[in-house]
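Here are the chains, one letter per residue:
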Amino acid sequence: MSDSENKIKCNTHGTTDSTFLCRHLLEGEKRGFNLGYDPENPYDLYPDAWCDECEKVLEKEGEWNEKSEKFADIKLLCSGCYEDIRDRNWVQDDEVFHDLVKSSFGFIEPRHQEFLSKYKAGEHERWDWYQETAKLIFSHDGKPQVEADIQFSGTYSTKSNTWMWAWANESLDEKVKSSSRDIKALGEELGLKQLVAGRYPATEVDGWEMTSVLAKHLNAIGVYRTPGDNGFTYMVITKAKWINKSKIARLFGG
Ligand SMILES: [Zn+2]
Ligand SMILES: [Zn+2]
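Nothing here was measured: the structure is a model prediction, and the numbers come from that model.

Draft legend 1. Focus on the overall build of the protein. A tally of helices and strands in the protein yields ten helices and twelve strands. Taken across its 254 residues, the protein has 33% of its residues classed as buried. Long-range contacts, defined here as pairs at least 24 residues apart, represent 62% of the contacts in the protein between residues at least 6 apart.

Draft legend 2. Looking closely at the nonpolar core. Ranked by size, the top nonpolar core spans 55 residues in total, and within it I150, M235, V236 and I237 carry the most contacts. Dropping the residues within four chain positions of it, I150 is found in contact with W129, A134, K135, L136, V176, M235, V236 and I237.

Draft legend 3. View of the environment of F71. Its place among the elements puts F71 in helix α3 (residues 66–72). In this view, F71 contacts C54 and V57; residues no more than four positions away in its chain are not counted.

Draft legend 4. The packing of helix α7 (residues 180–190) against helix α9 (residues 204–217), seen in detail. α9 packs onto α7 with a crossing angle of 100 degrees between their chain directions and a minimal axis gap of 10 Å. By the angle class used here, α7 and α9 are roughly perpendicular. Every residue of α9 that contacts α7 at S180, D182 and I183 is listed here: V213, L214 and H217.

Draft legend 5. Seen up close, the pairing of strand β9 (residues 162–165). The pairing of strand β8 (residues 143–157) with β9 spans four bridges and is classified as antiparallel. Bridge pairing links S157 to T162 in β9. Counted between consecutive antiparallel strands, the loop separating β8 from β9 contains four residues, among which N161 sits at a positive phi close to 50 degrees. Bridge count between β9 and strand β10 (residues 199–201): three bridges; the pairing is antiparallel. What sits directly across from T162, in β10, is P201.

Parameters and conventions
Residues numbered from 1 in each chain as written. Chains lettered and ligands numbered in written order. Predicted model: local features only at pLDDT ≥ 70, side-chain atom pairs only at ≥ 80, totals over all residues. Helix = DSSP H or I, 4+ residues; strand = E, 2+ residues; numbered from the N terminus. Buried ≥ 20, exposed ≤ 12 C-beta atoms within 10 Å, placed from the backbone. Contact = placed C-beta atoms within 7 Å. Core = buried A, V, L, I, M, F, W, Y, C linked by C-beta atoms within 7 Å. Axes fitted to C-alpha atoms, helices over the stretch in contact; angles between N-to-C directions. Parallel < 35°, antiparallel > 145°, perpendicular 65-115°, else oblique. Pairing = 2+ DSSP bridges.

Distances and angles like these do not, on their own, reveal function.
In structure tokens, the structure reads:
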């Protein structure tokens with residue numbers, strides 16, 4: 001929910017989007033965090049959430065009715081409080097997460113080294129990406145040299161120290177973020193908060209971890225990030241080619 005009618009003022013977090021949570025989550029810890037997406041807004045950053053006990057009642061009743069709603073006693077909260085409460089209550093198998101990250105790094109690391117040496121990715125004068133075509137172009141001497149197909153994994157904000165998945169970022173073109181939705185689906189399957197939550201406090205390394213998960217999923221050949229005003233845009237490279245190899249030979253003396 002992002003329209004101004006759905007804003008809420010919180011003493012801790014200021015004015016933010018309003019969110020709905022069952023009362024048990026408010027004070028609780030490790031109570032489970034079940035998400036209820038509005039079918040019209042399946043990529044809501046803050047879907048309604050309730051605890052495992054509420055989920056049991058809901059399953060028994062088969063729907064939200066007087067009984068299940070009374071039990072949940074849904075409360076209105078700010079999105080900052082929602083994030084804190086999600087961190088406290090989400091239950092997951094961290095080993096599954098660590099295994100996923102480890103295998104994803106293991107997959108992309110050697111490929112990325114090869115990508116760097118083959119396309120001299122760190123040596124070009126400039127880069128430009130184009131969301132409409134999902135391309136990253138490396139240029140040298142004012143001319144495009146390497147053209148890469150990209151998919152954005154997400155962005156890291158150095159202002160708020162948060163990671164935001166590309167699918168959650170309304171300013172990004174569908175063309176360049178559609179694959180990130182697969183990772184959200186994978187996260188729902190595995191019950192992993194880091195893959196399901198659209199935005200959360202993180203480090204730049206977390207950004208690489210999430211990017212490597214997308215890289216493995218897409219059988220990518222490399223990963224990359226570009227600096228912006230408030231942080232970095234992370235992406236995976238699924239394909240690359242030299243645009244004009246003979247010129248390159250002269251430029252790099254290769
Ligand atoms: Zn509950
Ligand atoms: Zn708050």
